[in-house]
Amino acid sequence: MYINGIDVKDPGNAGYKKMVSRYSGRGRTRFWEIDFLRGLCVTLMIFDHFMYCLWDVVPFINETLGTSLFAESEALAEWYWTWNVRAVVWQIVVTTFFTLCGISCTLTRGNFRRSIPLALVAAGITAITSVIENFGLSGATVLFGVIHMLASGIFLYALLDNAAIALGECCGDGKISKIVKEGLRCLPGVIGIALLVFCYTVCVDIGPVEGHFELFSKIPARDTLAENIGLSIFVPVDGFDFYSYSGDYFPILPWAAFILIGGILGRLIYHTRLRDTFAPYDGAWNSGVCFFGRHAAVVYVSHMVVIPLLFLIAASITLLFG
């Protein structure tokens, strides 16, 4: 198969190596469509957080400093966050983002290594937001948010994928054994589908709410706060509002299941001849969004600090020169 005059079926071809280097800049293949979709998701998440800050963080800053920065925008931000379209788009974006994470897990064997820094960052987020809440911003603490869930989901994928590899090593060599080994690599995705079915049949119901769908837990609340918080990490709990204790919340079920399911898509697309389907459409037109996609974790974590900090600096400037 030739793309831009390069035989992509010949990894030894110099032109192929040049093309691979262009994808990643590090001699390792990156697929622009994954970076693009991930970058688009992160961009929309940043906008979502920006509007949340206008609604919740800026009023706190104004009250603390005695300023009126963007006071007229609070009603607009509140309308946005209660808008039905925003709820639908949010569900699509988050599902896409986690599925892309699962696809990316099939493109590296370092998933254990990927999960560790994410877990450390998640712990740091919990520690820092707890300090911020102690300074008076109610609901700032993040006990189990998107980074916590990503670390858990990638770690779970790594466990299952390594188990699949270990099982494959028991199959010996030969053509049939090779097929069995490849099939076993879909184990995380198969378990992801099973977990999703379990979640939507045993743990939660899906119901329409003002033009969009929401999850309603069927898991009853426990007797103690510690039990409810611990259980809520895995699945929503009926009668227990985890958002009262965590400003961000992404339980392992159903969201980690989408990471695992992404593993099947990754195996079926990026480990077959379909992998280069979108390569001819790459170009400078997508470079900005793809940059965000390549550095999604850093951009996502950074914007959580940068946006509130910029608002604080802007309010301080209006206080000094207003």
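Residues numbered from 1 in each chain as written. Predicted model: local features only at pLDDT ≥ 70, side-chain atom pairs only at ≥ 80, totals over all residues. Heavy atoms only, no water.

Novice: Sorry, what's going on with helix α10 (residues 252-270) here?
Specialist: Along an α-helix, residues three or four apart share an orientation, since each turn contains 3.6 residues. For α10, with 19 residues, the first-to-last C-alpha span of 26 Å sits near the 27 Å given by 1.5 Å per residue. Counting buried positions along α10 gives 16 out of 19 residues, so the element sits mostly inside the fold. (Helix = DSSP H or I, 4+ residues; strand = E, 2+ residues; numbered from the N terminus. Expected span 1.5 Å × (residues − 1). Buried < 20%, exposed > 50% of the residue type's maximum accessible area, 1.4 Å probe, protein only.)

Novice: Quick question: what am I supposed to make of unusual backbone geometry here?
Specialist: Negative phi characterises most residues that are not glycine, and trans characterises most peptide bonds. L253 connects to P254 through a cis peptide bond whose omega is 15°. For P254, the location among the structural elements is in helix α10. Look at F70: it is not a glycine, yet its phi comes out positive at around 50°. Counting through the fold element by element, F70 comes out in the loop between α2 (32-65) and α3 (74-81).

Novice: Would you mind showing me how to read the nonpolar core here?
Specialist: Soluble globular proteins: nonpolar side chains tend toward being buried together. Core analysis: the biggest nonpolar cluster contains 58 residues, and F97, F98, I147, M149, L150 and F311 have the highest contact counts within it. Counting only elements with at least two residues in this core, the list comes to α2, α3, α4 (84-105), α5 (111-134), α6 (146-169), α8 (187-203), α10 and α12 (296-321). The biggest single contributor to this core is α2, with ten residues. Residues I34, L100, I103 and Y270 belong to the second largest nonpolar core, which totals five residues. (Core = buried A, V, L, I, M, F, W, Y, C linked by side-chain atoms within 4.5 Å.)

Novice: Sorry, what's going on with the pattern of salt bridges here?
Specialist: If charged atoms from side chains of opposite charge come close, those side chains can pair. By the definition in use, this model includes six salt bridges. D48 is paired through a salt bridge with R86; the nearest N and O atoms lie 2.7 Å apart. Placement of D48 in helix α2 and of R86 in helix α4 is noted, with a sequence separation of 38 residues between them. Considered together, D48 and R86 belong to a single accessibility category, that of buried residues. D205 is the salt-bridge partner of K218, the closest N and O atoms lying 3.5 Å from each other. Residue K218 is located in the loop between β4 (212-217) and α9 (225-234), and its partner D205 is located in strand β3 (residues 204-209); the two are separated by 13 residues in the primary sequence. Classification of D205 by relative accessible area gives partly exposed; the value is 37%. Salt bridges linked by common partners bring R30, D35 and R38 together as one network. (Salt bridge = Lys/Arg side-chain N within 4 Å of Asp/Glu carboxyl O.)

Novice: Is there a simple way to explain the environment of W90 in this structure?
Specialist: Mapped onto the elements, W90 comes out in helix α4. The exposure class of W90 is partly exposed, given its relative accessible area of 26%. Residues W90 and A256 lie 166 residues apart in sequence; the distance between their C-alpha atoms is 16 Å.

Novice: Would you explain the pairing of β3 in this entry?
Specialist: Strand residues, when the strand is regular, have side chains that alternate between the two faces of the sheet. Alignment of β3 against β4, held across six bridges, turns out to be antiparallel. Counterpart to G207 in the pairing with β4 is E214. Counting the residues in the hairpin turn of β3 and β4 gives two residues, including E210, whose phi is positive at 50°. (Pairing = 2+ DSSP bridges.)

Novice: Honestly, the packing of aromatic side chains in this entry has me stumped. Any pointers?
Specialist: Pairs of aromatic rings are described using the distance from one ring centre to the other and the angle between the two planes. Within the structure shown, the criterion is met by 23 aromatic pairs. An aromatic cluster is built from W90, F97, F98, F250, W255 and F258, whose rings are joined through pairwise contacts. Sitting over the ring of W81, R86 keeps its end group 3.8 Å from the ring centre. (Phe/Tyr/Trp six-rings, centres within 6.5 Å; stacked < 30°, edge-to-face > 60°. Lys NZ or Arg CZ within 6 Å of the ring centre and 35° of its normal.)

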